[in-house]
Amino acid sequence: HVHPSVSRDLLSPITERRIGSRCSSLESEESRRSAAAALKTEETKDGDVKMEFDADNLTKDEELLDREESINNKKLKMREEDDDEVMQHVNDAMEVVPPLLTRQASKSMLSLSKSQHDHLSGSLVPSPRTSSFVEGNDIDRTSATDNSCLVYSWGWGNQSLHDDNDDRLPVSMLEKSQSTESIAQQLLVTSRLGTKSIMAVSAGQHHSACATSQGTLYVAGTNFHGCVDPDAPDEQVYSKPRILDSIGAIRVVQVSCGFDHSAALSSNGSVLSWGSNSDGQLGHRKTNQQSSSSGPNRCRPAGMVLSKGRRASSIACGNRFTLVLTTRMSMLACGIPLIAGHREPSEWGSPRELPSLVGLPLVALSAGDEHASVVTTHGSAFVWGSNRKGCCGREYPRSLAVPMPVKVKSSIVSSASGRPSPFKNWTVMKKSDGLLVKQSDDVAIQHAACGAEHTVFVTRSGRLLSCGNNDRGQLGLAACDEPSMKVVSVQHPTEGKRFVSAEAGNAHSVLLDSDGDVWLTTGSGLQRVVEGKSVVAIAAGGDDNCIVIASPPSGGKMLKRQFSVESAVDGETIVDTVESLLDEMDSESDKKLYAGQEIAKRTEELVRYPAVLNSLFLDPKELDEMFQRIKQGDIVVRKAVASAIERGLKEGLFSLRDTRLMYPEAVRCLLSYIRFFDIQHEQDVSFDVRGDCLATFCETILSVPFEGYKALHSWVTTLYTSQQFVAMLVHPLLKNLNVCLRSTVSRDQVISYQPSRSSVPVIVAVLSWLYTMAEEANLASPTDFYSDGVSQIDVESLFADLCKMKKASRHERSRNFYMCAHPFLLSPGCKRNLLQMESQVEQYKAMIGDIQINESQREISVDPFFHLE
């Protein structure tokens, strides 16, 4: 993409230099001519410059070559020559280099207008959900004005980012009583990476990697199965970080190193993976020839198959598996069945969601040797995989095939709140404008890290929680041979300080505190290794490998990327946007039509993703207020919103199929969905005419396991007032039930029913469950459940239904639906009419009970009620 301000005169020599630089890296004269012919430029009528890459002139390998990094290499050489004038040309050329084109789009012409360019060229702060960085509010994340930062690295020389082959072990330095300043000087990387602005780091078992603010990826270490560079010889050692050329011009925002494979997250939300694919850990789509579980051991970088519309926001690589956190707060996994779930071996390489994690609002993930963990936005952590040495925080079983919540001790805060709590360690506090519902800060987890046989967590209050093996003090405690099968708490060594982030290697852990100091676990406990350097990111992996990014002493600007990235969906941002658009609708603005369309779009986005919806509206009042404002728009807005909600509900409910909604944070979206069914059924507003959405929703809520029902019961009884229970849960279902029961009679006395009438049984089943809950918690009166639609059914039809129900056996009653089996829906008048008809029928039966018919003589004799003597 080329900005219109780039002149044609400047573009031509730069383009020629790019073609020449690219051609110099090709092997044959024929490939040089092919590459030169592939890159074409033309000028549009508006002055924009287009670039076209002809895929027919490029081979598959050539498409993945790094066109942009040739410019970076020139830039580095020019910096050494201190040629400012030539540097200006290269900086301009950076605007010329387009992103890597996929094979499907490589034949199309790409252009960029000035307004689009200004929007995309802005720099963004790294997302706090990226595992490499801590929360932005926890520490002061700054960097020098020259866009460089300090990098500290230690561990084994053939695995880390030292720029040399020396082993750097801070533990031995601490044993010699060296000062932290002296240790930091010995750990500082002073050569190649010392002049870079590093944005993301990762350390694995055999290799390490980092990404710069320009999206350049550097790798170093031992090249087992191509985990460093698949084009290099196997097991070759790269002691100095080198640019990975095979990923092309893709800009990397995060990188993760596994045992013998690697993955990189690009700025557009796609994931590239390379190295060993023995168990499908790369997430590449298998061909027909690769039907077995065993994949190739050396794979070049290729895109992970995330399915249509999905974008990644964070990645984590373990031993033979990979985890991907999407921008919609869901997680995909591929690789060994212990982590990615049991399925056919041919499906191991396809990233899939775990059924038990669907609906959870996930914001962070971590991969260990053979176990993994995820963290929700509300502070719950879930672990699964191998439970060696109690690394999952449990004594048994030896492995967890299903993610289970981390067991932590009871919080003091939650028990002292005074209000009933929906779940353990949750607090409900009354505010002036509603309720504050959250997990207690001393147990709410904001960061997790998995090692080989241990796991560490950091809470919002800054406590360290850890479990598993502690033979080398990796839990933050003094080393001992007895592992910790339960989660233990470790306080910061300095009173008043708190931890904000943690990373784990095979048998060590690295912690970052609120002052930007780095602590390392040793056999005697926690030891500070980097002090006063304003560290912003840490990484750990393998045997004693660690990488630390710190701001330079000069301070200055916020650490920023020099390109835009695919941001994760923030539910609060969606709600704030809807609120601001509603304000525009209320005002006499000319943008009402645009605001109405945007409201419909944002509302659809909200209900389409259950995990995003579960991250919001812990106070039901907030959802009710927003929905009431949406309903009060004009007819055009209501039509658009009704259609958007119907589309969003279909997609959202479809994503919940074949899942196990058993965790409290996953099932709460079902309660929120009920409110959205309260769209007014008017003549000009059509919503779910056939009742498909409503039927699917009721079937979903009726298929929830017992644990999910208990969670729903706790949410309702502790958060909903009587008025909210009736208005947000009961009335929407009753309105839809009344619509489904409507019927019309034509002139020919033909009765026509609504297409959605088939949804009546499941709607009544959900209402029956709510009625039982209301009786137990005294949330509603019986009159709140009376249905006008049922009362309007003629009494003959209801009586016939009653007779069928009485004659049916227990097995038939369980298989068939009878309206009279749910008397809570019948109004007193309807019940009175039904009883009167039943009494009249019984009297008639009694009257004709003594009639005797003689068919042969064709006579009828009636015995009197009373015999007179």
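Residues numbered from 1 in each chain as written. Predicted model: local features only at pLDDT ≥ 70, side-chain atom pairs only at ≥ 80, totals over all residues. Heavy atoms only, no water.

On the basis of which strands lie adjacent, the open sheet formed by 3 strands has the order 12-13-14 and antiparallel pairing. With one partner strand each, in any of the chains shown, strand 12 (312–317) and strand 14 (331–335) form the two edges of the open sheet. Recorded for the sheet is a direction-independent mean angle of 15 degrees between the axes of neighbouring strands. (Pairing = 2+ DSSP bridges. Helix = DSSP H or I, 4+ residues; strand = E, 2+ residues; numbered from the N terminus. Axes fitted to C-alpha atoms, helices over the stretch in contact; angles between N-to-C directions.)

Under the definition given, this model contains 27 salt bridges. The residue Glu605 makes a salt bridge to Arg328 at a minimum N-O spacing of 3.0 Å. Note that Glu605 is positioned in helix 12 (residues 592–608) and Arg328 in the loop between strand 13 (321–326) and strand 14, a separation of 277 residues in sequence. On the basis of relative accessibility, which here comes to 19%, the residue Glu605 falls in the buried class. (Salt bridge = Lys/Arg side-chain N within 4 Å of Asp/Glu carboxyl O. Buried < 20%, exposed > 50% of the residue type's maximum accessible area, 1.4 Å probe, protein only.)

Right, let's talk about the environment of Arg343 for a bit. Its place among the elements puts Arg343 in the loop between helix 9 (337–340) and strand 15 (362–367). Once you skip the residues sitting within four places of it in the chain, Arg343 turns out to touch Ala333, Cys334, Trp348, Ser350 and Arg352. Looking at Arg343, its side chain comes within polar contact range of the main-chain oxygen of Ala340, at 3.3 Å. (Contact = heavy atoms within 4.5 Å. Polar contact = N/O pair within 3.5 Å; in protein donor to acceptor, adjacent residues only side chain to side chain.)

This brings us to a positive patch on the surface. A cluster of like positive charges, contributed by Lys407, Lys409, Lys424 and Lys486, occupies part of the molecular surface. Take Lys424: it is sitting in the loop between helix 10 (412–415) and strand 19 (426–431). (Patch = residues over 30% accessible without salt bridge, like charges linked within 9 Å, V, L, I, M, F, W, Y side chains within 5 Å. Areas by Shrake-Rupley, 256 points an atom, 1.4 Å probe, with all protein chains shown as cover. Lys, Arg positive; Asp, Glu negative; His and termini not counted. Charge placed at Lys NZ, Arg CZ, Asp CG, Glu CD.)

Between helix 16 (residues 664–676) and helix 19 (residues 722–740), the least distance of the axes is 8 Å, while the angle of their chain directions is 60 degrees. If you check the angle between helix 16 and helix 19, you find them oblique. In this structure, helix 16 meets helix 19 at a crossing whose hand is left-handed. Judged by residue contacts, Leu671, Ile674 and Arg675 of helix 16 engage Ala727, Met728, Leu729, Pro732 and Leu733 from helix 19. For the contact of helix 16 with helix 19, a count of residues per class yields 7 nonpolar, no polar and 1 charged. (Parallel < 35°, antiparallel > 145°, perpendicular 65-115°, else oblique. Left-handed = near helix turned anticlockwise from the far one by under 90°. Nonpolar A, V, L, I, M, F, W, Y, C, P; charged D, E, K, R; others polar.)

Bringing unusual backbone geometry into the picture now. With an omega of -5 degrees, the peptide bond running from Tyr396 to Pro397 counts as cis. Secondary-structure assignment places Pro397 in the loop between strand 17 (381–386) and strand 18 (399–405). One non-glycine residue, His225, adopts positive backbone phi at about 55 degrees. Here His225 shows up in the loop between strand 6 (217–222) and strand 7 (237–243).

Along strand 22 (residues 454–459), 6 of the 6 residues are buried, which leaves the element largely enclosed by surrounding structure. Bridge analysis of strand 21 (residues 445–450) against strand 22 gives 5 bridges, and the strand direction is antiparallel. Within strand 22, the residue paired with His447 across the bridge is Val458. Turn length for the strand 21-strand 22 hairpin, with the two strands adjacent in sequence and antiparallel, is 3 residues. Pairing geometry for strand 22 and strand 23 (residues 464–468), over 5 bridges, is antiparallel. Its bridge partner being in strand 23, Phe457 is matched across the sheet by Leu465.

Right, let's get into helix 19. If you check helix 19, its first and last C-alpha atoms are 26 Å apart, about what 19 residues at 1.5 Å a residue would give, namely 27 Å. Of all bends in helix 19, the biggest is about 40 degrees, found at Val730, and the proline Pro732 comes one to four residues later. Of all 19 residues that make up helix 19, 14 are buried, and the element is covered over most of its length. (Expected span 1.5 Å × (residues − 1). Bend = angle between axes of the 7 residues up to and from the residue.)

Nonpolar side chains collect at one region of the surface, where Tyr844, Met847, Ile848, Ile851 and Ile853 lie side by side and expose about 480 Å² of accessible area between them. Mapped onto the nonpolar patch, the elements with two or more residues apiece are helix 24 (828–847) and strand 33 (851–854). Here Tyr844 lies in helix 24.

Turning to the sheet that holds strand 24 (residues 484–490), a few remarks are in order. Ordered by their spatial adjacency, 4 strands build an open sheet running 21-22-23-24, and the pairing between neighbours is antiparallel. Unpaired on one side and paired on the other, strand 21 and strand 24 mark the two borders of the sheet. The mean inter-strand angle of the sheet, taken between neighbouring strand axes irrespective of direction, is 15 degrees.

Let's shift gears to the side chain of Lys533. Mapping Lys533 onto the fold places it in the loop between strand 28 (525–530) and strand 29 (535–541). The class for Lys533 is buried, based on a relative accessible area of 15%. Reaching out from Lys533, the side chain makes a polar contact with the side chain of Glu181 at a distance of 3.2 Å. In this view, Lys533 contacts Tyr152, Glu181, Ala184, Asp517, Ala550 and Ser551; residues no more than four positions away in its chain are not counted.

This part is about the packing of helix 19 against helix 20 (residues 760–777). Interhelical geometry of helix 19 versus helix 20 gives an angle of 155 degrees and a closest axis separation of 10 Å. In terms of their interaxial angle, helix 19 and helix 20 are classed as roughly antiparallel. Crossing handedness for the pair helix 19 and helix 20: left-handed. Where helix 19 abuts helix 20, its residues Phe725, Leu729, Val730, Leu733, Leu734, Leu737 and Cys740 lie against Val760, Ile763, Val764, Val766, Leu767, Leu770, Met773 and Ala774. In terms of residue class, the contact of helix 19 with helix 20 is built from 15 nonpolar, no polar and no charged.

The subject of this paragraph is the state of the cysteines. Summed over the entire model, instances satisfying the criterion amount to 0 disulfides. The thiol of Cys149 is unpaired, and the distance to the nearest cysteine sulfur, on Cys210, comes to 8.9 Å. A relative accessible area of 2% places Cys149 in the buried class. Residue Cys467 stays outside any disulfide, its sulfur separated by 7.0 Å from that of Cys391, the closest cysteine. Classification of Cys467 by relative accessible area gives buried; the value is 1%. (Disulfide = S-S within 2.5 Å.)

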